[in-house]
Amino acid sequence: MLFQDISIDVQPRAAALTDASHVLCFQPGQVLLGSKGGAPRLPLYREVEPLLPPDMEWTALLTVDGQTLFTPDPLREGTVPEGNGLHYGPVRLFRDMDSRSAAAVTAAHHLWQWMRRNRFCGCCGGKTAHDKAERALRCPVCGQVNYPMIAPAIIVALTCGDSILLAKNATSPWKHYGLVAGYVEVGETLEQAVRREVMEEVGLPVRDLRYIGSQPWGVSGSLMCAFQGETDSSLPLKIQRSELADAKWVSRNQLSAPERTVSVALEMVERFRQGRL
């Protein structure tokens, strides 16, 4: 199941924190997790309550399929420590979680980072506060309102006949092969961004471009817009080494079925393997 199949609502709402509430506790790049059957899971409030420093304030951050999840208020100081079987792990562990929890972690981390980075007003320097009517941070001093930032990005399944182009990022901790992707620049359309990124990273032209779908990707604060395009595999690959560690053509029969297709990238590769892309 992909993230876009999960119903997430980030608007403020009145909700009571209970012992059975799922909680999301973050440090930069990390999330507090328990374990169930060897897989990471979200902790419950009753598990973290014994660990809490005094006077910690909580906020209802989002709802997932109608269930409210809470986090220590990112506008306040204080961190939930490890203990009681709970440990901090990299946010990228969402890939090992069920789809619902993975969607919650990535969307919540997106909001948490935005709040932590905007605790003070960028106009006057005053402390910001949660807006009660909408998901925004408002400065009570000058009235400046700050909304969550979403970065549009593209990802493309570049194919030629029975082969698909797979690339490995040069800097990401995720070292597996994936698809060419990148952020949309100011003044660009999504289609222009696809063609520019492909030309920059592997030196290939793109034709017959078509839109596939989109997916929120909270790990990078992005909205991933997915495309499929054709090119000529006989042209040489000109790999941009500052962005990619490697890129190669892989034939359909060389691809293996993934255990899960949590990302739109894996979903497109799997569709191609099955002859549906």
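Because the structure is predicted, anything quoted here is derived from the model rather than measured.

Caption draft 1: Fine view of helix H2 (residues 99–117). Its 19 residues place the ends of H2 27 Å apart at the C-alpha level, agreeing with the 27 Å of an ideal helix rising 1.5 Å per residue. The buried fraction of H2 is high, at 16 of 19 residues.

Caption draft 2: Up close: the sheet that holds strand E1 (residues 8–9). One open sheet holds the three strands; their spatial order is E1-E5-E6, and the pairing between them is antiparallel. Taken across any chain shown, the strands that pair with only one partner, and hence form the sheet edges, are E1 and strand E6 (67–72). Pairing between E1 and strand E5 (residues 58–64): two bridges, direction antiparallel. The partner of Asp-9 across the bridge, within E5, is Thr-63. Docked against the sheet, H2 engages E1, E5 and E6, running at close to 140° with respect to E5.

Caption draft 3: Just the state of the cysteines, in detail. Going through the model one piece at a time under the given rule, you end up with zero disulfides. Note on Cys-123: no disulfide assigned, nearest cysteine sulfur contributed by Cys-121 at a separation of 4.5 Å. Here Cys-142 stays free of any disulfide, with the sulfur of Cys-121 as its closest cysteine sulfur at 3.7 Å. Judged by relative accessible area, Cys-142 falls into the partly exposed class, the value being 42%.

Caption draft 4: Up close: the sheet that holds strand E10 (residues 145–146). Taking strand neighbours across the sheet as the criterion, the three strands line up as E8-E9-E10 in an open arrangement whose pairing is antiparallel. Single-partner strands in this sheet number two, and they are strand E8 (129–130) and E10. Here two bridges tie E8 to strand E9 (residues 137–138), and the two strands are oriented antiparallel to one another. If you follow His-130 over to E9, its bridge partner there is Leu-137.

Caption draft 5: Spotlight on helix H4 (residues 264–273). For H4, the buried fraction is high: seven of the 10 residues fall into the buried class. Here H4 has its buried residues at Val-264, Ala-265, Glu-267, Met-268, Val-269, Glu-270 and Phe-272. Buried residues belonging to H4 abut strand E11 (151–160), strand E12 (163–169), strand E14 (207–217) and strand E15 (222–230). The first or second residue beyond H4 is Gly-275, which carries a positive phi of 80°.

Caption draft 6: Here's a closer look at the pairing of E6. A large share of E6 lies buried, amounting to five of its six residues. The pairing of E5 with E6 spans six bridges and is antiparallel. The residue bridging Thr-63 from the neighbouring strand is Thr-68, located in E6. Joining the antiparallel neighbours E5 and E6 is a turn of two residues, in which Asp-65 adopts a positive phi near 50°.

What counts and what doesn't
Residues numbered from 1 in each chain as written. Predicted model: local features only at pLDDT ≥ 70, side-chain atom pairs only at ≥ 80, totals over all residues. Heavy atoms only, no water. Helix = DSSP H or I, 4+ residues; strand = E, 2+ residues; numbered from the N terminus. Expected span 1.5 Å × (residues − 1). Buried < 20%, exposed > 50% of the residue type's maximum accessible area, 1.4 Å probe, protein only. Pairing = 2+ DSSP bridges. Contact = heavy atoms within 4.5 Å. Axes fitted to C-alpha atoms, helices over the stretch in contact; angles between N-to-C directions. Disulfide = S-S within 2.5 Å.

Any functional reading would require information beyond the geometric quantities listed.
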